[in-house]
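What the coordinates show
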Amino acid sequence: MPKRFHLGWFTNFTACNWEATFSHGGSPWDGKFFVEFAQALERACFDYIMLEDTLMVSEAYRGAAEATLKYALQVPKYDPIPLAAMIGAATARLGVVATMSTMAWPPFMLARVSTTLDHITGGRFGWNIVTSGEDIAAQNFGMDALPPRETRYAMADEYMDVVNQLFASWEPDAVLKDRAHGIYADHTKIHPIHFKGEFFKVRGPLNTAPSPQGRPTYVQAGGSPRGRAFAAKHADSVIATANQVAGMKQYRDDVRERAVGFGRNPDDIKILYLVYPTLGETTEEAKAKHQRMVTGPSFIEAALAATDTTSDIDFSQFDLDKPLPRLTTNGEQGSLDKFQQWGSGKTLRQLASERFESGLNLIGTPDEVADRMAQAMEEIGGDGFLISTPFQRVTRRFINEVCEGLVPALQRRGLVREEYTKPTLRETLREF
Ligand SMILES: Cc1cc2nc3c(=O)[nH]c(=O)nc-3n(C[C@H](O)[C@H](O)[C@H](O)COP(=O)(O)O)c2cc1C
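First, a word on scope: everything that follows refers to the structure included in this document. This one's a predicted model, so the numbers in the text were calculated from it and none came from an experiment. (Residues numbered from 1 in each chain as written. Predicted model: local features only at pLDDT ≥ 70, side-chain atom pairs only at ≥ 80, totals over all residues. Heavy atoms only, no water.)

1. Observations regarding the overall build of the protein
Looking only at helices and strands, one finds 15 helices and 14 strands in the protein. Here the C-alpha radius of gyration of the protein, 22 Å, is about what a compact globule of 432 residues would show, namely 22 Å. Its C-alpha atoms give the protein principal-axis dimensions of about 75 × 50 × 45 Å. Residues classed as buried in the protein amount to 56% of the 432 residues present. Within the protein, counting contacts between residues at least 6 apart in sequence, those at least 24 apart form 74% of the total. (Helix = DSSP H or I, 4+ residues; strand = E, 2+ residues; numbered from the N terminus. Rg over C-alpha atoms; globule rule 2.2 N^0.38 Å. Buried < 20%, exposed > 50% of the residue type's maximum accessible area, 1.4 Å probe, protein only. Contact = heavy atoms within 4.5 Å.)

2. Comments concerning the packing of aromatic side chains
To describe a pair of aromatic rings, you give the distance between the ring centres and the angle between the ring planes. For the structure shown, the criterion picks out 22 aromatic pairs. Ring geometry for phenylalanine 5 against phenylalanine 385: centres 5.6 Å apart, planes inclined by 90°, an arrangement best described as edge-to-face. With phenylalanine 5 in the segment before strand E1 (6–12) and phenylalanine 385 in strand E14 (residues 384–387), this pair connects stretches of sequence that are 380 residues apart. Here phenylalanine 5 matches phenylalanine 385 in class, with each residue buried. For the pair tryptophan 29 and tyrosine 78, a centre-to-centre distance of 3.9 Å together with 15° between the ring planes defines the contact as stacked. In this pair, tryptophan 29 is assigned in the loop between E1 and helix H1 (32–43) and tyrosine 78 in the loop between helix H2 (66–70) and helix H3 (80–90), connecting sequence segments 49 residues apart. With relative accessibility at 26%, the residue tryptophan 29 sits in the partly exposed group. Three or more aromatic residues joined by ring pairs make a cluster, and in this case those are Trp9, Phe13, Trp29, Phe33, Phe34, Phe37, Phe46, Tyr78 and Phe398. (Phe/Tyr/Trp six-rings, centres within 6.5 Å; stacked < 30°, edge-to-face > 60°.)

3. Thoughts on the state of the cysteines
A complete count under the given rule lists 0 disulfides for this structure. The thiol of cysteine 45 is unpaired, and the distance to the nearest cysteine sulfur, on cysteine 403, comes to 10 Å. Using a relative accessible area of 8% as the deciding quantity, one classes cysteine 45 as buried. Look at cysteine 403 and you get buried, because its relative accessible area is 7%. (Disulfide = S-S within 2.5 Å.)

4. Digging into the environment of alanine 44
Along the chain, the position of alanine 44 falls in the loop between H1 and strand E2 (48–52). Its relative accessible area of 5% is what places alanine 44 among the buried residues. Setting aside its immediate chain neighbours within four residues, alanine 44 contacts Cys403, Val407, Gln411 and Arg417.

5. Observations regarding the nonpolar core
Counting 89 residues, the largest nonpolar core has Trp9, Phe46, Trp127, Met373 and Phe385 as the members making the most contacts within it. Counting 35 residues, the second largest nonpolar core, distinct from the first, contains Leu73, Val97, Leu304 and Ile313. (Core = buried A, V, L, I, M, F, W, Y, C linked by side-chain atoms within 4.5 Å.)

6. Let's talk about the pattern of salt bridges
What the rule picks out here adds up to 29 salt bridges. In this structure, aspartate 268 and arginine 430 form a salt bridge, with 3.8 Å as the shortest nitrogen-oxygen distance. Of this pair, aspartate 268 sits in the loop between helix H8 (244–261) and strand E11 (270–275) while arginine 430 sits in helix H15 (residues 425–430), and the two are 162 residues apart along the sequence. By relative accessible area, arginine 430 is classed as partly exposed at 39%. Close ionic contact of aspartate 367 with arginine 412 constitutes a salt bridge, the shortest N to O distance being 3.2 Å. With aspartate 367 in helix H13 (residues 366–380) and arginine 412 in helix H14 (residues 396–412), this residue pair connects regions lying 45 residues apart in the sequence. Given the relative accessible area of 36%, aspartate 367 is considered partly exposed. Because the salt bridges share partners, they merge into one network encompassing Arg215, Asp236, Asp268, Arg426 and Arg430. (Salt bridge = Lys/Arg side-chain N within 4 Å of Asp/Glu carboxyl O.)

7. Examining the side chain of threonine 208
Structurally, threonine 208 can be placed in the loop between strand E8 (201–202) and strand E9 (217–220). Ignoring any residue separated from it by four or fewer positions in sequence, one finds threonine 208 in contact with Arg112, Thr115, Thr116 and Trp170.

8. A closer look at the sheet that holds strand E10 (residues 237–240)
Spatially, E1-E2-E3-E4-E9-E10-E11-E14 is the arrangement adopted by the 8 strands of the closed barrel, whose pairing is parallel. Each strand of the sheet is rotated relative to its neighbour by a mean of 30°, with strand direction disregarded. In terms of strand pairing, strand E4 (residues 125–130) meets E9 through 4 bridges, oriented parallel. Residue pairing for E9: glycine 126 is matched across the bridge by threonine 217. In this fold H1 packs onto E1 and E2, with an angle of close to 170° to the strand it touches most, E1. Most of the contacts of H14 go to E1, to which it runs at about 170°, and overall it touches E1 and E14. (Pairing = 2+ DSSP bridges. Axes fitted to C-alpha atoms, helices over the stretch in contact; angles between N-to-C directions.)

9. Observations concerning the site of the ligand
Around the ligand sit 20 residues, and of these Glu52, Asp53, Tyr153, Ala221 and Ser224 come closest. A distance of 3.0 Å separates an oxygen atom of the ligand from a polar side-chain atom of arginine 149. At 3.4 Å, a backbone N or O of glutamine 333 approaches an oxygen atom of the ligand. Breaking the shell around the ligand down by element, the ones donating at least two residues are E4, helix H6 (149–167) and helix H11 (333–340). (Near = heavy atom within 4 Å. Polar contact = N/O pair within 3.5 Å; in protein donor to acceptor, adjacent residues only side chain to side chain.)

10. Overview of the packing of H3 against helix H4 (residues 107–120)
The interhelical angle for the contact between H3 and H4, taken along N-to-C directions, is 20°, at an axis separation of 9 Å. Overall, the two elements H3 and H4 adopt an arrangement that is roughly parallel. The hand of the H3/H4 crossing is right-handed. Where H3 abuts H4, its residues Ile81, Ala84, Ala85, Gly88 and Ala89 lie against Val113, Leu117 and Ile120. Split by residue class, the contact of H3 with H4 holds 7 nonpolar, 1 polar and no charged. (Parallel < 35°, antiparallel > 145°, perpendicular 65-115°, else oblique. Left-handed = near helix turned anticlockwise from the far one by under 90°. Nonpolar A, V, L, I, M, F, W, Y, C, P; charged D, E, K, R; others polar.)

Now the structure itself:
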């Protein structure tokens, strides 16, 4: 039997693919499209759907919101939390992961809403821990600029301490529901935390009872050394972006080594690599589809503007037909590193056209793509893939291509799950 790997899907509560040929183009804001999307993922036995989030209308590209709004790049974007509740109520086995920023959410509120969602989903809720990466988002929360990465992660580490204490503020057997004596909870088993740190001061206890997982499954995407250390310390699953097998393997080996340094079993962390497959009935059809996309009239500009939103760097200042200077950011460094492919000598135009590639050549028939995923996973060592779409624009047609084409091809090879056997998301991730 080959070693199995995990599947997740990376999406967000945005305008879907309103302009695609095979899209009804209607409004997705009632959430029903996403519920059906999640149900399709559940039929295909995905471990989780991951709802991304950011908190701004980016003005990074050319210093204006024009491209962001013109191409609907991450805007409009609705709140993932109510959507996670809808999806959780309409599914039974799929993990539901939603993004919340430690910059935006007070820890008490985050712990309470996470506990609520973990109850609603019966233990399938995951929190994608982000610190936010844009000045303009910080300006929506009373700051003039984003704090430097070191400070953000120092705050996030303390934040984790607070929420972990809040999750533990009710002992697991505190709720008695003792009908004979009319006692709901044993108050001696529920404790204030009186947390006083450098950044947070929280009294506790939580005013919610412990949820099935005790705390949500923690998902994180650290790219920088500081971010990787954070992921290694806290995450149950890491969502990673890297180029080619070598980059993915290097990333995984590094995070696993850091996890050992924190006294953790590295097998408790499942690293899923972001990939954007293009599927067709034939190899030629898939290649033609991909070519049509990258040569579309607005693709290069939209790809650059989309990279600007996460790096806070204005790529319009660079010559499209020259290589980039080496860039760093206080925003998403890992995503920027993947984009800039430093040392490759590629021009900015080439980099933009490869914005949604992983270097694994996942363009082809379901069988071809399944074989390449299998080979890559074997060389990397684990733990799975996070499927996504360029600009997170998704159609039912693509969802079907993956769930009715690619996943069955992987299942026929014994590479991915064919059933759920565990009740909670953390246990599902740890099954293999
Ligand atoms: C697959 C993936 C998904 C991410 N999702 C979000 C998100 O939803 N919201 C957000 O603010 N940042 C998101 N990020 C950014 C990460 O939280 C992180 O800041 C980034 O990977 C850079 O790592 P660093 O913080 O160590 O520099 C995501 C990154 C990746 C690779």
